[in-house]
Amino acid sequence: THMDNRSDAGIVESISMKNFMCHSHLGPFAFGSNVNFFVGNNGSGKSAVLTALIVALGGNAHATNRGLSLKGFVKEGENSADVSITLRNKGKDAYKPEVYSSAIIIDLRITRDGLRSYKLKSKSGHIISTKKEELISILDNFNIQVNNPVSVLTQEMSKHFLHSKGEGDKYKFFMKATQLDQMREDFIYIKQTKHVTNDKIEQQNEGLKELKRKYLEKEDRYKSLSSLDELRDKLQELQKQMAWALVIEMEKDLEPVREKLQADRQSTESERKYKQIQEKLEAITNQVQDLQPKCAELKAEAQKRNTDLKTVEVRAKQMSLILCYISASIMLLFSFFPSLFLSISQALGTESQDRANRVNQIQTDLENLRHQISTLGQQIDQYEHAISRAKEEKEQAALQRSIEANKRNLLMVERSRSNRLQRFGEHMPALLNAIEEAHKRGQFKQKPRGPLGYLISLKDTELALAVEVCLKGSLQAFTCDNHDDERLLQSIMAKFCPGGRRPVIITSQFLPQVHDTRRRAVNHPQYPSVLQALEIQDPVVTNCLIDQRGIESILLIKNRTEARRLMQGGNPPRNCTQAFSKEGDQIYNNRNYSAEQARAKYFSGDVEEDIRCVLTNENDRAQANRFQQQMRKLDEDIKQNESLLRRAHMEQKTTKVYFFNLKYVLFLFNFVFQASSAKASEICAERMDISRTARSLDTEINRLKVKISTQQDQQGDPKEIVRQYHEALENYKNTAQQVKNLKSFINNLDKVMDHRLQVYADLRSFMSARCKYYFDSMLAQRGYSGSMTFDHKKETLSISVQPKKGKKNDSGDMRSLSGGERSFSTVCFVLSLWAITEAPFRCLDEFDVYMDMVNRRISMDMMLRVAASQRFRQFIFLTPQSMSSLPDSKFIQIHQLKDPDRDQSEADGNQ
């Protein structure tokens, strides 16, 4: 019993077919856990069961020997075929038991086009996956190999391998059954990969020689660059002399400019004007500060409704950016002054006149920029005024919408005095009447339930808001048993639901009993779950809320502080996913959210209190309207003050710019000389006394640059030469390393393959010896003797059998035996392969077709003894013979298939 619990994962529990092969309906067949016989005449469906088992568990059409493609399995005249198999999923070898539970349901659909699709379900019928990869993982976990003849042996496979007279066929059967052929194919593939890798190494060796030649060529060009260094050193020395020559000439040229600027320093008119504007600005600022508290209080409410004004605000920001750009342009103009004076110092003949003209032009540009700044300031004022006007219009519209919403809420609450159903929408009574009429006419297969909130009630009314926030849209939803009922309900809703706002429809099969949630439900000694807090009469409604919202795993805790302590204290209750407080707060183990509503809408028990709340909100809105009118008047006062403030800021800004320009020009002339001196110091730290002029030095520098450029053109760009040299070196090193790594890989692969081939040979010998041992044991049970001879070089397997005493055969060859004796020997061979391989179930198709009664009885006894010794494995036998002589046993289950109806070829084959 202990072994059964541990090791019977992967056996077949049931199988059913629809429109498969020539059968409309076949099954379901409930399999026994040990021995199963499918008994019936040809055409009764035995082979269909075996074929469905192979195809549904991933086998190809060729493996079934029933067709060349999957579309051949679809019954004539039908669009698709369906197969459903249930595998046991218990014990230590179970596959994802926390997901699939104790059984895995595999649903296969084959279309008329030959396409195959899967649905992998848990025991409860919930779809876990539709991917072929998941099925492969399941089969690998259970070691199910439907293409392996030792697991599923069809008639054609038996005829080809076992009843063949060729010894090579039996050897192939042995190799395929023990999966040694797969290992051999893997070794052959690895050997081919090794040859490809060796070819690649040879190719890379040839390429490595070419890379080395390119690397040496680039290295020669790299070394030839040193001849240019001397010319560059001479050029650097001339540039140092040029820098200090320019400084010396600039000292002479800037002396008159310093004298003129010194005279301009005496003017203080601009500073006096700035002080007057500053005093005026401070007075306005004080006035604004006095109004600021009242202004802030009124703006607090207005700022909540400004989200629709983004377009105008973006435009205002663009204008501000333009203003900043123009200011930056002014600074950029001033940055041109150093280069201007450098040009002046190098020009001969017209230095003084050009300098004066340039200064006049800059002053004109400054005046134009100041005018543009003033114009842009006025445009900004206009856009801010438009923003304020748009805010007022938006606030008024929002207030009107709020009033209309409160009127609708008041009307709905007043109607719900006599009928609670009105709270779910004024159209809901008429909709339910229409559903009831359609149900009476028999249009629904199952009467839809809804709205779900109307079909549930609370045990504790204090938890009304918490339950509403938890269930959200599910309260107005409907649930249907099937998609036909869903489509009919949608057509009815279209007639009664205004504006296309229809309730949600949840389609799920109706069950007569509530889901068993004991394993996954939260069970707290102090606080109820949502499922425990509700009174629900209809199990369909309960199951729907369990499936959609998981109400069995959500706690209701009235005190929000206690809820946060319990959920976020590091050890939340088992199976609890979240909790809700009576205020509607949603608490997880790492975060929480506040409710957006303050009162329950659907579960409120006090209708009069709801009406008072709606009327109170209406009065608050009227008072807000009066307050808004007062706020507009104050806004006008604020706008006037803001206008004065903006004008003052503009005047202040203009004055600051003018004063800054005046001081900056004064600073600039001193800065030009200091910058030139600093630049010269960077080029050459020590001051040089130069007798040559800047012009003569510049001529020699240009001549030297031309010479350097000519040599560079002949040799190429030095940076490019250096880059090509390092790139060639890197490519050579990388390729050499790759070749080294590949050679190392081949050497390691040779060692590993030598070891694995030896292991493969040892395993093959071991499996052969075990197969011989069990074959001799099986023959001895009938008094036969025989031998199995493996020739692994020639890949042959010869079997010789000696019958009982009195029936000696000189040759011992199986071909000299009778048909029944040869079939019996074949069964012994198959049983010996069963003994040395592992699989959760074994299938034999018409194993006794060539046996006489005596051999059939002996073979049957042998297979039953094997099955009895392996209760944790499943055995499936297909036979046209009667099994009435079998002993009664709880471990043996016989499925008697009905004979086909020969008169009606298209009739259902439902068994």
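If you're wondering where the values come from, they're calculated on a predicted model, not measured in any experiment.

S.K.: Describe in detail the overall build of the protein, supporting the description with residues and values.
M.R.: When its secondary structure is counted, the protein shows 24 helices and 21 strands. Counting every position in the protein, which comprises 911 residues, the buried fraction comes to 42%. Taking contacts inside the protein between residues at least 6 apart in sequence as the whole, the part at least 24 apart equals 73%. A total accessible area of about 51200 Å² is found for the protein, and carbon and sulfur atoms account for 49% of it.

S.K.: If you had to explain the layout of surface pockets to someone new, which residues and values would you point to?
M.R.: One number sums up the size of the largest pocket: a volume of about 1500 Å³. Ser122, Ser124, Gly125, His126 and Ile127 are the residues nearest the centre of the largest pocket, which is lined by 40 residues in total. Of all the secondary-structure elements, those providing two or more residues to the lining of the largest pocket are α4 (97-100), β5 (103-111), β6 (116-121), β7 (127-129) and α18 (539-549). Top element by residues in the lining of the largest pocket is α18. It accounts for seven residues. For the lining of the largest pocket, a count of residues per class yields 13 nonpolar, 14 polar and 13 charged.

S.K.: Go over the confidence of the model for the protein with me, naming the residues and quoting the values.
M.R.: Scored by pLDDT, the protein has a mean of 77; 67% of the residues are at 70 or more. Least confident of the elements in the protein is helix α1 (residues 2-7), whose mean pLDDT is 43; most confident is strand β10 (residues 478-480), at 96. Predicted confidence is poor over residues 1-6, with pLDDT under 50, and the contacts of this stretch with residues over four places away or in other chains come to nine contacts. Long-range and interchain partners of residues 347-352, a stretch whose pLDDT sits below 50, account for two contacts in this model, where long-range means more than four residues apart.

S.K.: Describe in detail the sheet that holds strand β3 (residues 35-39), supporting the description with residues and values.
M.R.: Pairing in this open sheet of five strands is parallel, and the strands run β8-β19-β20-β3-β21 from one edge to the other. The open sheet is flanked by β8 (152-153) and β21 (892-896), the only strands paired with a single partner.

S.K.: Mind laying out the pattern of salt bridges, listing which residues take part and the relevant values?
M.R.: Enumeration according to the criterion identifies 24 salt bridges in this entry. With a shortest N-O distance of 2.4 Å, glutamate 210 and arginine 213 are connected by a salt bridge. Placement of the pair is glutamate 210 and arginine 213 together in helix α8 (residues 180-223), with a separation of three residues, close to one helical turn. Measuring nitrogen to oxygen at the nearest pair gives 2.7 Å for the salt bridge that ties lysine 558 to aspartate 460. Highlighted residues: lysine 558 in the loop between β13 (554-556) and α19 (560-568) and aspartate 460 in the loop between β9 (456-458) and α15 (464-471), separated in sequence by 98 residues. Aspartate 460 sits in the partly exposed class, given a relative accessible area of 25%.

S.K.: Any details on unusual backbone geometry? Residues and values, ideally.
M.R.: Look at the link from glycine 27 to proline 28: it is a cis peptide, with omega at 5°. Of note, proline 28 is situated in strand β2 (residues 23-30). At the junction of glycine 450 and proline 451, the peptide bond is cis and its omega measures out at -10° in the coordinates. Within the secondary structure layout, proline 451 lies in the loop between α14 (428-440) and β9. Despite not being glycine, serine 101 has its phi angle at roughly 70°, a positive value. When its relative accessible area of 29% is taken as the criterion, serine 101 is described as partly exposed. Notably, glutamine 179 is not glycine yet its phi reads approximately 65°, a positive angle.

S.K.: Which residues make up α19, and what are the values?
M.R.: Buried residues of α19: Glu562, Ala563, Leu566 and Met567, and no others. Buried residues of α19, viewed axially, fall in a sector of 120°; they line one side. Along α19, exposed side chains directed more than 90 degrees from the buried face belong to Thr561 and Arg565. On its buried face, α19 is in contact with β13, β14 (578-580) and β15 (586-587). Capping the start of α19, asparagine 559 holds a side-chain oxygen 2.8 Å from the backbone nitrogen of threonine 561, two or three residues further along.

S.K.: Tell me what's going on with the pairing of β5, and back it up with residues and numbers.
M.R.: Along β5, seven of the nine residues are buried, which leaves the element largely enclosed by surrounding structure. Note: strand β4 (residues 80-88) against β5, nine bridges, orientation antiparallel. Residue pairing across strands places isoleucine 85 opposite isoleucine 106, the latter belonging to β5. Connecting β5 to the next strand, β6, in antiparallel fashion are four residues, including glycine 114 with a positive phi near 90°.

S.K.: Lay out the nonpolar core in plain terms, naming residues and giving numbers.
M.R.: Grouped together as the largest cluster of nonpolar side chains are 49 residues, with contacts concentrated most on Phe37, Phe174, Phe829 and Leu833. In terms of residue count, helix α23 (residues 819-836) provides more of this core than any other element does, nine residues in total. Listed in part, the 46 residues of the second largest apolar core include Ile15, Leu26, Ile106 and Val146.

S.K.: Residues and numbers for the packing of aromatic side chains, please.
M.R.: What the rule picks out here adds up to 18 aromatic pairs. A centroid spacing of 4.7 Å and a plane angle of 15° characterise the contact between phenylalanine 424 and tyrosine 602, whose relative ring orientation is stacked. Here the residue phenylalanine 424 occupies a position in the loop between α13 (351-415) and α14, and tyrosine 602 occupies one in the loop between β16 (592-593) and α20 (607-683), the gap between them amounting to 178 residues. We classify phenylalanine 424 as buried; its relative accessible area is 0%. A relative accessible area of 10% places tyrosine 602 in the buried class. Plain terms: the ring middles of tryptophan 834 and phenylalanine 875 are 5.3 Å apart, the flat faces sit at 45° to each other, and that makes the pair tilted. You can see tryptophan 834 sitting in helix α23 and its partner phenylalanine 875 sitting in strand β20 (residues 874-879), a full 41 residues away along the chain. Comparing tryptophan 834 with phenylalanine 875, the two get one shared label, buried.

S.K.: So what's going on with the environment of leucine 531? Which residues, and what values?
M.R.: On the secondary structure map, leucine 531 appears in helix α17 (residues 530-533). For leucine 531, a relative accessible area of 22% translates into the label partly exposed. With 11 residues separating them in the primary sequence, leucine 531 and threonine 542 have C-alpha atoms 8.0 Å apart. In this structure leucine 531 touches Thr517, Thr542, Ile546, Ile551 and Glu552, once residues within four positions along its chain are discounted.

S.K.: Hey, could you go over the sheet that holds β15 for me, with residue numbers and the actual values?
M.R.: Pairing is mixed in the open sheet, where four strands are placed in the order β13-β14-β15-β16. Both edges of this open sheet fall to β13 and β16, since each of them pairs with a single strand only. Note that β15 and β16 share two bridges and pair antiparallel. Residue pairing across strands places glutamine 586 opposite tyrosine 593, the latter belonging to β16.

S.K.: Please give an account of the packing of helix α7 (residues 167-177) against helix α22 (residues 718-780) that cites residues and values.
M.R.: When two helices pack together, their arrangement is given by the angle between the helix axes and the distance between those axes. For the pair α7 and α22, interaxial distance at closest approach is 12 Å and the crossing angle is 110°. Here α7 is positioned roughly perpendicular relative to α22, judged by the angle of their axes. Here Tyr171, Phe174 and Met175 of α7 come into contact with α22, specifically with Tyr760, Arg764, Met767, Ser768 and Cys771.

S.K.: Pulling in residues and values, what's your account of the packing of α14 against helix α16 (residues 483-496)?
M.R.: Where α14 meets α16, the axes come as close as 10 Å, and the angle between the chain directions of the two elements is 145°. As for the relative orientation of α14 and α16, their crossing is right-handed in sense. Of the residues in α16, those touching α14 at Ala430, Leu431, Ala434, Ile435 and Ala438 are Leu489, Ile492, Met493 and Phe496. Broken down by class, the residue content of the contact of α14 with α16 amounts to nine nonpolar, no polar and no charged.

S.K.: Kindly report on α14, identifying the contributing residues and their values.
M.R.: Spanning 13 residues, α14 covers 18 Å between terminal C-alpha atoms, matching the ideal 18 Å at 1.5 Å per step. Taken together, the buried residues of α14 touch β10 and α16. Glycine 442 sits one or two positions beyond α14 and adopts a positive phi of about 80°.

S.K.: How would you explain the environment of leucine 864 if you had to name every residue and give the values?
M.R.: Its location among the elements puts leucine 864 in helix α24 (residues 853-869). When the C-alpha positions of leucine 864 and valine 35 are compared, they lie 7.9 Å apart, and in sequence the two are 829 residues distant. With near-sequence residues (within four places) excluded, leucine 864 lies in contact with Val35, Phe37, Leu886, Pro887 and Ile892.

The rules behind each value
- Residues numbered from 1 in each chain as written.
- Predicted model: local features only at pLDDT ≥ 70, side-chain atom pairs only at ≥ 80, totals over all residues.
- Heavy atoms only, no water.
- Helix = DSSP H or I, 4+ residues; strand = E, 2+ residues; numbered from the N terminus.
- Buried < 20%, exposed > 50% of the residue type's maximum accessible area, 1.4 Å probe, protein only.
- Contact = heavy atoms within 4.5 Å.
- Areas by Shrake-Rupley, 256 points an atom, 1.4 Å probe, with all protein chains shown as cover.
- 1 Å grid on protein atoms, 1.4 Å probe; cavity = no way out; pocket = protein on both sides within 12 Å on 5 of 7 lines; lining within 4 Å.
- Points joined across faces, edges and corners; volume = space filled by probe spheres on them.
- Nonpolar A, V, L, I, M, F, W, Y, C, P; charged D, E, K, R; others polar.
- pLDDT = per-residue confidence, 0-100.
- Pairing = 2+ DSSP bridges.
- Salt bridge = Lys/Arg side-chain N within 4 Å of Asp/Glu carboxyl O.
- Arc of directions from axis to C-beta.
- Polar contact = N/O pair within 3.5 Å; in protein donor to acceptor, adjacent residues only side chain to side chain.
- Core = buried A, V, L, I, M, F, W, Y, C linked by side-chain atoms within 4.5 Å.
- Phe/Tyr/Trp six-rings, centres within 6.5 Å; stacked < 30°, edge-to-face > 60°.
- Axes fitted to C-alpha atoms, helices over the stretch in contact; angles between N-to-C directions.
- Parallel < 35°, antiparallel > 145°, perpendicular 65-115°, else oblique.
- Left-handed = near helix turned anticlockwise from the far one by under 90°.
- Expected span 1.5 Å × (residues − 1).

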